[in-house]
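Chain and residue survey
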Amino acid sequence: MKILFVAPEAAPLAKEGGLGDVVGALPPHLEALGHDVRLVLPQYRGLRTTQPPRRREEILFVHTGVGVQFAAVAETELPGSKVPVYLLEYQEYFDRAGIYHTREGAYPDNHRRFGLLSRGALELCLVLGWIPDVVHVHDWTTALIPAYLNTILSGTPLGQTASVLTIHNLEHQGRFPVETFPDTGLPGWTLRPDGFGDVGAANWLKGGLYHADKLTTVSPTYAEEIKGPVGGCGLDGVLRFKAADLIGIVNGIDEAAWDPATDPHLPAPISADDLSGRTVAREALREEFGLDPDLSRPLFGVVSRLFAQKGMDLFLDIMDRFLGSTRAQFVLLGSGDSLEEERFAAEARARPREVGVYLGYNERLAHLIMGGADFLVMPSRFEPCGLSQQYAMRYGAIPVVRKTGGLADTVLPAEEPHGTGFLFEPILSEALLEVLLRAVDLWETEPTRVAALQQNGMRRDASWGASARQYSQVYEWAAAARRG
Ligand code: ADP
């Protein structure tokens, strides 16, 4: 099949979050399955290409509601692959330091920027005469595309092209004042309540959900949660309406960048057959944070953004009781909300031999924590997929997580035969404390079961290959739905 990805991010070219990881990782795996996959991204300033992109001769005349906009096109490849990446060049919109925002907030013309990307990507297909069977779009920024295909482009060769929309995080929806909607160039009737209309606003994601042939999200449990009023962020009605077209597919991980057997950030290699490297990493971690070097104490770790989603306030609320009633130690790598940062820093000052805190971003330390901590704590309020728990399992750190979204789909309860970690469900610090105490108890009393949990996690298949096969199936369904 011919598959076009249109997205605001693709790692490592331009990345801000998990969406960028997926868009960077999935295309080469689809190519390996025999698909012709190409990508369209904006030509941002500071794009991390290995070679300078090659300027193509085509000039695009992009018809948006703003008028006809002329965009140039350059070409490169996804680093480490042969997947072609077309870069849409429009300096006024994309020659900026950020992808979506500055420190002060979102760019005020985001609706025009991503409108141009979406309409321009389709114009490029027409100009190249390369008509994809499926366009795969991601979150709100490219959610206009399914609607363009269904309306103003339905009489062009792209009228047969199916669309698949992936929800990476339902919290971000692209809500704009209705007055901006004419800039998209979409017919006014698409602003109906069963389209982009959303109580006085134009909601791009909502319209995309209605117009796309198939919807996916990044784990089966999150696919269920977003159909309910709590997880639905106001769009649960649409998602229930489209439930038969919504499929959850768990993200794989980059197994080369996160390979404990060859990781240059670890002091010694680690594998499921030889866990001795973990002892070396645990010693290094304790030394780095100046903790009591007694290896008989269980070490809990966190690598996380510090925002309400991640639920670390639940941990803060019981931290004193937990550390006061056990021999556990704790290290945290994270940054975000300044109040949470300050509370963790205060804990580290109060218990310098038990608590280590690094506020900031540090790739090396993230790897060392996965290799050296005995447990990784992730009490997320919601978690569409989650990568950290998957890295932890691969490195032999046992995840202690809330049973939500991708955490529920990737961590198997310790009581089960192939268990890999500990789960709790109510969003309550008491429930977290209870599961942490169970983890400490197991650690102190049943080392062979602890090793079994670690090895189960390390042997788990987290590759992109399995996910790519599922996406391939979704593309088939989308194309069939379009033809039918
Ligand atoms: P989210 O994308 O919601 O932040 P994920 O678990 O999907 O959560 O991915 C988080 C990624 O960011 C992981 O790769 C994790 O190691 C990394 N990360 C988060 N905070 C830090 C930090 N302070 N330093 C280094 N890496 C971090």
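On a predicted model such as this, the values are computed, not experimentally measured, just so you know. Throughout, a residue's number is its position along its own chain's written sequence, starting from 1. Where local features are concerned, this predicted model is filtered to residues with pLDDT of at least 70; where side-chain atom pairs are given and counted, the filter is 80 or more; whole-chain, interface and lining totals use all residues. Processing note: side-chain calculations cover all non-hydrogen atoms of the structure and skip hydrogens and water entirely.

1. Some details on the site of the ligand
Proximity is defined per residue: any heavy atom of the residue falling within 4 Å of a molecule or strand makes that residue near it. Near the ligand there are 16 residues, and of these Arg305, Lys310, Gly360, Asn362 and Leu387 occur at the shortest range. Contacts described as polar in this section are N or O atom pairs within 3.5 Å, which, within protein, must combine one atom able to donate a hydrogen with one able to accept it, while residues neighboring in sequence count only if both atoms come from side chains. At 2.7 Å from a nitrogen atom of the ligand is found a main-chain nitrogen or oxygen belonging to glycine 360. For the ligand, whose unbound accessible area comes to 560 Å², protein coverage reaches 85%. Breaking the shell around the ligand down by element, the ones donating at least two residues are strand S15 (299–306), strand S16 (329–336) and helix H12 (388–395). Secondary structure elements are defined from DSSP: runs of H or I of at least 4 residues count as helices, runs of E of at least 2 residues count as strands, and each element is numbered from the N terminus. Counting residues per element, the shell around the ligand draws most heavily on S15, which supplies 3 residues. For the shell around the ligand, the residue count by class is 7 nonpolar, 6 polar and 3 charged. Computed with the Shrake-Rupley method and a 1.4 Å probe, the accessible areas treat only the protein chains shown as cover for residues. Following the grouping adopted for this structure description, the nonpolar residues are Ala, Val, Leu, Ile, Met, Phe, Trp, Tyr, Cys and Pro, the charged ones are Asp, Glu, Lys and Arg, and the polar ones are all others, Gly among them.

2. Description of the packing of aromatic side chains
Aromatic rings from Phe, Tyr and Trp, taking only the six-membered ring of Trp, are treated as a pair when their centres fall within 6.5 Å; an angle between ring planes under 30 degrees marks them as stacked, one over 60 as edge-to-face, and anything in between as tilted. Applying the stated criterion across every chain, the model contains 21 aromatic pairs. Measuring from ring centre to ring centre gives 4.7 Å for tyrosine 90 and tyrosine 93, while their planes differ by 50°; the resulting arrangement is tilted. No difference in accessibility class separates tyrosine 90 from tyrosine 93, as the two residues are buried. A network of ring pairs unites the aromatic residues Phe300, Phe315, Phe322, Phe330, Phe344, Phe375, Phe422 and Trp443 as a single cluster. The rule is short: NZ of Lys or CZ of Arg within 6 Å of the ring centre and within 35 degrees of the ring normal puts a charge over the ring. The ring centre of tyrosine 148 lies 6.0 Å from the NZ or CZ of arginine 119, which sits over that ring. For every residue, the accessible area (1.4 Å probe, protein chains only) is compared with the maximum for its type, and the residue is labelled buried under 20%, exposed over 50%, or partly exposed between those bounds.

3. Considerations on the environment of alanine 201
Here alanine 201 lies in strand S12 (residues 201–203). Between the C-alpha atoms of alanine 201 and glutamine 455, which are 254 residues apart in sequence, the distance is 50 Å. What makes two residues a contact is simply this: any of their non-hydrogen atoms within 4.5 Å. Apart from residues lying up to four places away in sequence, alanine 201 is in contact with Arg175, Phe176, Val178 and Phe196.

4. Describing the nonpolar core
If you look at the biggest cluster of nonpolar residues, it comprises 87 residues, and the most contacted ones within it are Phe5, Leu26, Leu165, Leu209, Leu239 and Tyr475. When neighbours within four sequence positions are excluded, leucine 26 is seen to be in contact with Phe5, His136, Trp464, Ala468, Tyr471 and Tyr475. Membership of the second largest hydrophobic core comes to 35 residues, among which are Leu306, Leu316, Phe322 and Ala414. What we call a nonpolar core is a set of buried Ala, Val, Leu, Ile, Met, Phe, Trp, Tyr and Cys residues that are connected through their side-chain atoms within 4.5 Å.

5. Considering the sheet that holds strand S19 (residues 398–402)
Strand order in the open sheet formed by 6 strands is S17-S16-S15-S18-S19-S20, with parallel pairing between adjacent strands. Pairing within the sheet leaves two strands with one partner each, and these edge strands are strand S17 (355–359) and strand S20 (422–424). Strand-to-strand, the axes of this sheet are offset by a mean angle of 15°, without reference to chain direction. Any two strands are treated as partners once DSSP identifies two or more bridges connecting them. Pairing of S16 with S17, which is carried by 5 bridges, proceeds in the parallel orientation. Counted as the bridge partner of valine 331 is glycine 356 from S17. In this analysis, axes come from line fits to C-alpha atoms, helices being fitted only over the stretch in contact, and the angle between any two N-to-C directions falls in the range 0 to 180 degrees. Here helix H10 (residues 338–350) sits on the sheet in contact with S15, S16 and S17, set at roughly 145° to S17.

6. Quick notes on the pattern of salt bridges
The term salt bridge refers to a pairing of a side-chain nitrogen on Lys or Arg with a carboxyl oxygen on Asp or Glu at a separation within 4 Å. Applying the stated rule across the entire model yields 32 salt bridges. In this structure, aspartate 213 engages arginine 482 in a salt bridge whose closest nitrogen and oxygen atoms are separated by 3.3 Å. Residue aspartate 213 is found in the loop between helix H5 (204–211) and strand S13 (214–217), and its partner arginine 482 is found in helix H16 (residues 464–483); the two are separated by 269 residues along the sequence. Accessibility assignment for this pair places aspartate 213 and arginine 482 in one class, buried. Salt-bridge contacts for aspartate 313 lead to arginine 381; the nearest nitrogen and oxygen are separated by 2.8 Å. With aspartate 313 in helix H9 (residues 312–325) and arginine 381 in the loop between strand S18 (375–378) and H12, this pair connects stretches of sequence that are 68 residues apart. What makes aspartate 313 buried here is its relative accessible area of 18%. Using a relative accessible area of 26% as the deciding quantity, one classes arginine 381 as partly exposed.

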